[in-house]
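Coordinates in review
In case you want the letters, here they are:
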Amino acid sequence: MYLSSLRLTDFRNHADTEMVPDPGTNLILGANAQGKTNLLEAIVCLSRGTGFRTRRDAELRRFGTAGAAVEARLSGGEREYDVRLLLEDRKQAFVNGVRQRRTAELASLFHVVLFCPEDLELVRGAGAIRRRFIDTALCALRPNYSKLYAEYNKLHAHLVRLLRDGDPDGLLDDFSYRLCCVGARMIPYRASFCESLVSRAAAYHAEIAGGETLAAEYRTVSTVPDPAAPASVIAGQLWEHYLSHREASRRTGSVLTGPHRDDLLFFIGGSAAREYASQGQARTAAVACKLAERDIFLKNDGDAPVLLLDDVLSELDERRRDYIIRGIGGGQVFITACDEALSALSAAARKVFVVEGGRVTERT
Ligand code: ATP
Ligand code: MG
């Protein structure tokens, strides 16, 4: 599925932007602060229902306006869909004019893989970055996971409030038990996603880095020896962990047990990447993970997801840059850059758009 047309109304600094992207590679050029990332963020919204730089939809509305809209035509094979996301007081999504029950349902229709500067920290940065990566991909790939994830976050937020308030009604066990049950159903999804991700990423990493090995291990709650076990088994193991941490949870006022603390630990050339990877090694691994993610979507959907590359090429060395530019063909791509010094990029682009002060013009 690719974008055959796109329109932004009062979205961030774009008052009224219309474009007809190429089904191949689109280069988005512009000086700093002109609206390049904003454009990619609008495309992300069409897939995820939310932006990637904020959780607050109000920030997505152009200053001084009451609502923003992102509209697009999605094409692929024989299918065409008109998708519209309205970010007003209420957020609503429409597909071919039909209102969707949840905006998150867009995620099962249209898939994007985003690579932004923050992702360069995927391997060495905080665990939250890796969890978000895994969760975002799984929410798009598996609608059931998306529901579990939303439920888990609701329960978790509730538990945080309970603990903060000292659990006056004695509900801690009850809510913790529910958290264990939902968490237990999420863990096998994560384990299986990580397994397919890592085997693919390892192959890319070896190719880009001249044979260097990349491995990774999915880590969940310590009482769960097999994250691929049936959910009923895992639920019991999570409960066991909860019981042994209940008092500490009360004391510290934080939820100490559950997959909201999971991690995916990378090893490069046999050493733990968080501690020992060089900047370049970590970036290569991050690139490899993103390319692997794209392959997973390709396999799942039967066509390539839209690839959004925000400002990452300038942070990579020439070899990796060339590798990406050569390797990204075969689907629709949007790449932002400040200048065209990256000549290989201009050569690869089928269309070039220039962004200036929230206005987009196609260069012919
Ligand atoms: P860079 O090359 O620095 O990454 P960019 O072209 O990607 O720049 P964006 O992040 O897309 O820049 O746009 C930034 C501009 O958009 C900023 O000037 C910011 O003030 C403006 N902006 C952000 N949100 C809004 C909003 N809700 N309403 C109006 N303008 C906004
Ligand atoms: Mg930017």
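Residues numbered from 1 in each chain as written. Chains lettered and ligands numbered in written order. Predicted model: local features only at pLDDT ≥ 70, side-chain atom pairs only at ≥ 80, totals over all residues. Heavy atoms only, no water.

This paragraph deals with the site of ligand 1. Not every one of the 16 residues close to ligand 1 is listed here, only the nearest: A33, K36, T37, N38 and R61. Q34 is positioned with one of its backbone polar atoms (N or O) 3.1 Å from an oxygen atom of ligand 1. Measuring from an oxygen atom of ligand 1, one finds a backbone N or O atom of G35 at 3.0 Å. Considering ligand 1 on its own, with 660 Å² of exposed area, one finds that the protein chains cover 75% of that surface. Residues belonging to the shell around ligand 1 are distributed by class as follows: 4 nonpolar, 6 polar and 6 charged. (Near = heavy atom within 4 Å. Polar contact = N/O pair within 3.5 Å; in protein donor to acceptor, adjacent residues only side chain to side chain. Areas by Shrake-Rupley, 256 points an atom, 1.4 Å probe, with all protein chains shown as cover. Nonpolar A, V, L, I, M, F, W, Y, C, P; charged D, E, K, R; others polar.)

Another point: the sheet that holds strand β13 (residues 333–337). What the 6 strands build is an open sheet, ordered β8-β12-β13-β3-β14-β15; its pairing is mixed. Two strands in the sheet have a free side with no partner beyond their single neighbour: β8 (112–115) and β15 (359–363). Neighbour-to-neighbour, the strand axes of the sheet open up by a mean angle of 20°, direction not taken into account. Pairing of β8 with strand β12 (residues 306–310), which is carried by 4 bridges, proceeds in the parallel orientation. What sits directly across from V112, in β12, is V306. Along the sheet face, helix α1 (residues 36–48) touches β3 (25–29), β8, β12, β13 and β14 (351–356) and points at about 145° away from the line of β12. (Pairing = 2+ DSSP bridges. Helix = DSSP H or I, 4+ residues; strand = E, 2+ residues; numbered from the N terminus. Axes fitted to C-alpha atoms, helices over the stretch in contact; angles between N-to-C directions. Contact = heavy atoms within 4.5 Å.)

In terms of nonpolar packing, the biggest core is built from 79 residues, with L27, F193, L197, L238, L264, L309 and I335 touching the most fellow members. Ranked by residue count, the leading element in this core is helix α4 (residues 172–208), at 16 residues. Discounting residues that sit within four places of it in the chain, F193 has contacts with I134, A137, L138, L141 and I296. Formed by 36 residues, the second largest nonpolar core is a distinct cluster that contains M1, C116, F353 and V360. (Core = buried A, V, L, I, M, F, W, Y, C linked by side-chain atoms within 4.5 Å. Buried < 20%, exposed > 50% of the residue type's maximum accessible area, 1.4 Å probe, protein only.)

Before going further, it helps to spend a moment on the side chain of Q92. Along the chain, the position of Q92 falls in strand β6 (residues 91–95). Judged by its relative accessible area of 15%, Q92 is buried. When sequence neighbours within four positions are dropped, the list of residues in contact with Q92 reads R84, L85, L86, R99 and T103.

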